[in-house]
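The primary structure of each chain is shown beneath.
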Amino acid sequence: MSRPFHETDIARNLKDKRKEMGISQEKAAELCNVSIKTFGELERGATNATAATLKKVIPGMQMTWQELFADEQHDS
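To start, this report covers the structure provided alongside it.

Analysis parameters
Residues numbered from 1 in each chain as written. Predicted model: local features only at pLDDT ≥ 70, side-chain atom pairs only at ≥ 80, totals over all residues. Heavy atoms only, no water. Helix = DSSP H or I, 4+ residues; strand = E, 2+ residues; numbered from the N terminus. Buried < 20%, exposed > 50% of the residue type's maximum accessible area, 1.4 Å probe, protein only. Contact = heavy atoms within 4.5 Å. Areas by Shrake-Rupley, 256 points an atom, 1.4 Å probe, with all protein chains shown as cover. Polar contact = N/O pair within 3.5 Å; in protein donor to acceptor, adjacent residues only side chain to side chain. Core = buried A, V, L, I, M, F, W, Y, C linked by side-chain atoms within 4.5 Å. Phe/Tyr/Trp six-rings, centres within 6.5 Å; stacked < 30°, edge-to-face > 60°.

### A few points about the overall build of the protein
Step number 1: Broken down by element type, the protein carries five helices and zero strands.
Step number 2: Along the protein, from the amino end to the carboxyl end, the secondary structure elements read α-α-α-α-α.
Step number 3: The buried share of the protein, taken over its 76 residues, is 34%.
Step number 4: Partitioning the contacts of the protein with sequence separation of at least 6, the portion at a separation of at least 24 is 58%.
Step number 5: Surface summary for the protein: the accessible area is close to 5,000 Å², and the carbon and sulfur share equals 50%.

As structure tokens, this is what we get:
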């Protein structure tokens, strides 16, 4: 049974993907065409992501919607 979506899923998945890509928050923000402040807040779960922001982040980070919202990725 899946659990409801939580903002920390985005934060965790985004940070994991950035580390997997081996890039800084600054470079990730540049790739996503968002400010470093916005990207950092997304990674910390410190802000509610808007659809407009996610539409930039997903292709910028070479992710799918499913990868960004995944909650089973870290079941260990």
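Next comes the rest of the write-up.
### As for the side chain of R18
Step number 1: Its location among the elements puts R18 in helix α1 (residues 7-21).
Step number 2: Among the polar contacts made by the side chain of R18, one reaches the main-chain carbonyl oxygen of I23 at a distance of 3.0 Å.
Step number 3: Leave out the neighbours within four places in its chain, and R18 touches I23, S24, Q25, A28, F39, E43 and M61.

### What about the nonpolar core?
Step number 1: One finds L14, C32, F39, V57, M61 and L68 to be the most contacted residues of the largest nonpolar core, which totals 15 residues.
Step number 2: Contributing elements (two or more residues each) for this core: α1, α2 (25-32), α3 (36-44) and α4 (51-60).
Step number 3: Excluding residues that lie within four positions of it along the chain, C32 makes contacts with F39, K56, V57, G60 and M61.

### Description of the packing of aromatic side chains
Step number 1: All chains considered together, the criterion is met by one aromatic pair.
Step number 2: Where W65 meets F69, the ring centres are 6.0 Å apart and the plane angle is 10 degrees; that geometry is what we call stacked. Of this pair, W65 and F69 both sit in helix α5 (residues 65-69), separated by four residues, roughly a single helical turn.

Any functional reading would require information that these geometric values do not contain.
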